[in-house]
Amino acid sequence: YSTQVQLSCQGLPATAACQFDPATVGLGPGSLLAVSLTITTALNAPLGVYTPTVVFTDGVLTAKITIPLNIGDFAISISPASQTVQPTGRARYNLSLTGSDGYYGSMQMSFSGLPAGATGELYATQNTSTVPLPFDVQTEDVAAGTYIFTLTGTAGSLSHSASATLQVQGPAPDFRAGIAPATW
């Protein structure tokens, strides 16, 4: 039995589409079918766990396979919301990166809003985690003030940010003492 097999998907969530490569496959006696399947979703695709069906048919015979599909997202937060540091020093924060609806993956992290002389110390690539990830902001001769910085995680078309405050204290007062007259 030789035939041409057409492929399609059923039960995909709204805004999702499937694409096969190749779209039509010739199937001969005793042969196996090998195709590549790509499922794409829009940014506003509803989050969740789905079980769409891949349909193989030649118009006479039909076979169906159910596949898992997770459309997830991640959330990002920083704690504590504020830290105080000397003009030259180090402040420790915790980063939480949590996945939802089966999302697990890596994201590129970037800092913005740090004052001149301040550096965020965090690996550029992070994965979702069930435990907070400590990171430091190191200051080197930073002017006194209150600074709000943002940490952004990007994974493909997904991007989320969280902000925290860095309070840099002014220099300690400089006291000088003297006794007058210097001699008795």
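Worth saying up front: this structure is predicted, and the values here are computed from it rather than measured.

Peer 1: Any chance you could explain the pattern of salt bridges here in plain terms?
Peer 2: By the definition in use, this model includes 3 salt bridges. Of the charged contacts, one joins D136 and R90 as a salt bridge, the two residues approaching to 3.3 Å between their closest N and O atoms. On the criterion of sequence distance, the pair formed by D136 in strand β15 (residues 133-139) and R90 in strand β11 (residues 89-100) is long-range, its members being 46 residues apart. Looking at D136, the relative accessible area reads 8%, which means it is buried. Salt-bridge contacts for D136 lead to R92; the nearest nitrogen and oxygen are separated by 2.6 Å. In this pair, D136 sits in strand β15 while R92 sits in strand β11, placing the two residues 44 residues apart along the sequence.

Peer 1: Is there a simple way to think about the packing of aromatic side chains in this case?
Peer 2: How two aromatic rings sit relative to each other is set out by the distance from centre to centre and by the angle between their planes. This structure, assessed with the given rule, holds 5 aromatic pairs. On the numbers, 5.2 Å between centres and 80° between planes, the contact of Y93 with F149 is edge-to-face. In this pair, Y93 sits in strand β11 while F149 sits in strand β16 (residues 145-155), placing the two residues 56 residues apart along the sequence. Residue class for Y93 comes out buried when judged on its relative accessible area of 0%. Counting every residue linked through ring pairs, the aromatic cluster contains Y93, F111, F135 and F149.

Cut-offs used in this document
Residues numbered from 1 in each chain as written. Predicted model: local features only at pLDDT ≥ 70, side-chain atom pairs only at ≥ 80, totals over all residues. Heavy atoms only, no water. Salt bridge = Lys/Arg side-chain N within 4 Å of Asp/Glu carboxyl O. Helix = DSSP H or I, 4+ residues; strand = E, 2+ residues; numbered from the N terminus. Buried < 20%, exposed > 50% of the residue type's maximum accessible area, 1.4 Å probe, protein only. Phe/Tyr/Trp six-rings, centres within 6.5 Å; stacked < 30°, edge-to-face > 60°.

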